[in-house]
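# Per-entry structural report
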Amino acid sequence: MSVPIAGLNFDADTGSRESRERKAKEDKQKMKKSGKLKREKPETAAVKWKTGGVAAALIASFTVFTVMLQMEKGMLENYEKGTIYVAAEKIPRGQLITQETCSHYFQERLLDKSCIPEGALCSPEQVTGLAASFDIEPGVFLAEGMFERLDDVLKEMEEPVVAGFKAEDLYQVAGGVLRAGDRIHIYSVSEEGQAVLVWDNVYVQEVFDQAGSRIANGDRTTAAQRINIYLDKGDVEAFYSELAGGALRVVRKVV
């Protein structure tokens, strides 16, 4: 149906539609102002979520790192080290340990105190005056039980002294080359050739070569020309009397 106005024709349906669109637009603007239509773009929300996740991960990592640092600090504070000794090189059986030889044969190491076994050598005082009971290989952790104290060797003597003799003065030397720390048995040989044990388990104090130089225990080839031994003072006279008669035989004790 058409309604003529001032010479113009307007469609009634068209006017009604324009009113509805205008009203819907006004309603939409009101809702925007009230915040009901405030929405984020999907990509903006995703960026915010990713940023928040990264921040949370960083915070968690930092927290764990801080806790680990505190734990490590506590462990280091509780970690106490002690001094022990190992063989710097092979220590031959019978090698006497003095202040001089100690620096040569022993090497200081630091170890967690909780790992140091009972009896381990932990100070120079423990090693001075010791003689190796057997060959000790390089790098071995040293313990008192590996050594023999001269005090133990001499404790059964009333008055220990050092007696020296030349190898050429003996009737015979058997059992191999002699070195400091060796034990020997000394026999007296009769004219009939019978050997009688006179001194048992005698400790060799030092041995020397033809030039009078001390033979190191590591030298297993040079023959000893002069030998010093420990004897009780009361036995010295009898020893030299037998020695003068060329009737003494020395046998090295095999360990």
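Details of the structure are given in the entry above.
Residues numbered from 1 in each chain as written. Predicted model: local features only at pLDDT ≥ 70, side-chain atom pairs only at ≥ 80, totals over all residues. Heavy atoms only, no water.

## Notes on the sheet that holds strand β8 (residues 172-174)
What the six strands build is an open sheet, ordered β7-β11-β10-β9-β12-β8; its pairing is mixed. What marks the edges here is a single partner per strand, and that holds for β7 (160-166) and β8. Neighbour-to-neighbour, the strand axes of this sheet turn through a mean angle of 35 degrees, independent of strand direction. Note that strand β10 (residues 195-208) and strand β11 (residues 226-232) share four bridges and pair antiparallel. (Pairing = 2+ DSSP bridges. Helix = DSSP H or I, 4+ residues; strand = E, 2+ residues; numbered from the N terminus. Axes fitted to C-alpha atoms, helices over the stretch in contact; angles between N-to-C directions.)

## Quick notes on helix α6 (residues 233-244)
Compared with an ideal rise of 1.5 Å per residue, which puts twelve residues at 16 Å, α6 spans 18 Å between its outermost C-alpha atoms and is within 8% of the ideal. Along α6, the residues that are buried comprise V236, F239 and L243. The arc that holds the buried residues of α6, viewed along the axis, is 75 degrees, so those residues lie on one side. Facing away from the buried side of α6 by more than 90 degrees, the exposed set consists of G234, E237 and S241. Looking at the buried positions of α6, the neighbouring elements they touch are β7, β9 (183-189), β10, β11 and β12 (248-252). G246 sits one or two positions beyond α6 and adopts a positive phi of about 65 degrees. (Expected span 1.5 Å × (residues − 1). Buried < 20%, exposed > 50% of the residue type's maximum accessible area, 1.4 Å probe, protein only. Arc of directions from axis to C-beta. Contact = heavy atoms within 4.5 Å.)

## Some points on the side chain of N228
For N228, the position within the fold is in strand β11. Since its relative accessible area comes to 13%, N228 is described here as buried. Once you skip the residues sitting within four places of it in the chain, N228 turns out to touch V162, A163, G164, Y203, V204, Q205, E206 and F208.

## A few points about the environment of G181
Following the sequence through the fold, G181 ends up in the loop between β8 and β9. On the basis of relative accessible area, G181 is assigned to the buried category, the value being 9%. In the structure, G181 is positioned 47 residues away from F134 in sequence and 9.8 Å away in space, judged by C-alpha atoms. Residues in contact with G181, not counting those within four places in the same chain, are R93, G94, Y203 and V204.

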